[in-house]
Structures are given as C-alpha cells and as structure tokens.
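# Examining the three-dimensional arrangement
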Amino acid sequence: MLSNIIKFIVVLIFFSNITYAKQNKPELLFYCGITMVKPMEEISKIIEKRENCIIRIIQGGSKDLYDSLKLAKKGDMYLPGSDAYIKKNKKDGYFEKSVYIGYNKAAIFVQKGNPKNIQNLDSLLDEDIATILCDPNSGSIGKNTKKVLTKYKGKEFFDDAFDATVEVGTDSRNINQALKEKRVDMAINWRTSGFWKENKKYIDVIEIDEKYAPKKKLMLTKLTFSKHKKIVDKFMQYAVSKEGIAIMKKYGFR
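No experiment lies behind these values; they were computed from the predicted model shown.

## Examining unusual backbone geometry
Not every positive phi belongs to a glycine, and N52 is a case in point at roughly 50°. Despite not being glycine, K73 has its phi angle at roughly 50°, a positive value. Counting through the fold element by element, K73 comes out in the loop between α3 (62-72) and β3 (77-79). Relative accessible area serves as the criterion here: at 45%, K73 is assigned to the partly exposed category.

## Structural notes on the packing of aromatic side chains
All told, the structure shown has nine aromatic pairs when counted by the stated rule. Between F30 and F235 the ring centres are 5.6 Å apart and the planes differ by 85°, which places this aromatic pair in the edge-to-face class. Placement of F30 in strand β1 (residues 27-33) and of F235 in helix α9 (residues 229-239) is noted, with a sequence separation of 205 residues between them. Like F30, the residue F235 is buried in the burial classification. For the pair Y78 and F95, a centre-to-centre distance of 5.8 Å together with 15° between the ring planes defines the contact as stacked. You can see Y78 sitting in strand β3 and its partner F95 sitting in strand β4 (residues 95-104), a full 17 residues away along the chain. Just as Y78 is buried, F95 falls in that class too. Here a set of aromatic residues connected by ring pairs shows up, and it is made of Y66, Y78, Y94, F95 and F225. A cation over an aromatic ring shows up here: K143 above the ring of Y85, its NZ or CZ 4.6 Å from the ring centre. The aromatic ring of Y100 is capped on one face by K217, whose charged end is 5.8 Å from the ring centroid.

## What to know about helix α5 (residues 140-153)
The end-to-end C-alpha distance of α5 is 21 Å, a good match for the 20 Å that 14 residues give at a rise of 1.5 Å each. Along α5, the residues that are buried comprise S140, I141, G142, K143, N144, T145, V148, L149 and Y152. G154 sits one or two residues past α5 and shows a positive phi near 95°.

About the thresholds
Residues numbered from 1 in each chain as written. Predicted model: local features only at pLDDT ≥ 70, side-chain atom pairs only at ≥ 80, totals over all residues. Heavy atoms only, no water. Helix = DSSP H or I, 4+ residues; strand = E, 2+ residues; numbered from the N terminus. Buried < 20%, exposed > 50% of the residue type's maximum accessible area, 1.4 Å probe, protein only. Phe/Tyr/Trp six-rings, centres within 6.5 Å; stacked < 30°, edge-to-face > 60°. Lys NZ or Arg CZ within 6 Å of the ring centre and 35° of its normal. Expected span 1.5 Å × (residues − 1).

Everything listed here is a matter of coordinates, which is why it stays silent on function.
In structure tokens form, the structure reads like this:
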C-alpha cells in the first residue's frame, strides 16, 4: 500500500503540472532530500534566471521521494541524502547521469549546551534521556542510523535504541523540530543541518567516529524520463563548478 506521504507527493506533481503549464516556461521537477534543499534552492534560482525556466522542488524523505518518482514517472532530477538510494535503485532504470556534489555524515544532536552531558551513542539507552530516531524505512537519515547503530554495537543495540525512543521521526526536519521544541534530549541526524541558522541556536552537534558513521556521498542524478535534459545538464554543471561548491559549503556540506 502507498503511504499517505507518497500519495500526497504524486497528487501534488500532477496538480502542479496543470498549474505551471499555463506559464509557458519549461518546468523542471526536482525530487530533493530535505537536508539538501537550501543549497539546491539557491542554485535553482540561478538556473531559473539563466535558462528562463521554473524548477519546482519536491522535498521529503529520500525513500518516499524515490517511490513517488517511480510511481509518477515524471520529473528531471533526484538528490537523496545518501548515494545508497542511487546504488540500490539503479536497476529500475530511472537514472541517467549522476554527479558528485559533496557529502554528509551522521552525528549526534543534543540540546544547546548539552545539559544532559551526552558524550556518545550509549546515551540512547539511558532511561533519563529522551530520544528520537528516524524511521529506517522513510528518510535517508533513518536508513543511515540503522547502519551506524548496528556497526556500533550490533543489531541488538539498534533494536534496543529504537525501543527506547520517545518518538520515531520521518525525516531530518522532523527530528530537528523535536529538539527545538524540547520534546527530546538527543537524536541522530545529518550533521550539516545542525549548523543552519534556524537550528544552531537550539542544537549542539557531537561527532560520531567515522568508523561507525562514514561519509555519505551526495549524487545529483538526472532521471531518464526528464523532458528538459539540456537544462538538467546545465544545472549539474553549475552544481559541480567552483560557484556551486561554494554554495554547498555555505550550508555546511563538505
């Protein structure tokens, strides 16, 4: 069965096609993981001006986005929070060219000032610490969290950590909101989002050893059913240019 999120995205896609068609400009549909939206919006505005086009960003959890583009078979670009989604789904035949635009990495997020003195992943099992983790079947950070915790102390630790949560999130934005509203003390999220202006005054970031939380490549990918491949190519060229890399760095991506 389709989740409500996927149904909503697909309905939005078809409705928007009717709305934007009246503007007589090429319209590109960009499926973008939530953590990468800010730099992609900035690059999109530049390309829209240069190419006299409209780039509409559909944001959400990486798996939900893939399931939506697979169902709709419409759109031009896909940027999940980890290249694992590209590798896993390449066999379906919806991906053309991919370009590497940076990387992200999982980290521990805590309340500003770390009032609970959280130091490592073991605190996920502390009964005095309220935690949120992302659903492994939704956002890319959920899938990555499962890998991180399993590498750290095995599947049993992963299961116990999820059993101990007070909330299960759907994506990185949802996780940050739980911390900002002080509903939880600790989370695992994509490192980059902890340094955004709207988050950094509420959240401190604690690094996780790279042997448990390796860097995850961000691969901007052209879709086979794109109707605007020349514009997509120009978008991708800009994203890997000196100017594009500077935009990524501005938002904390390495």
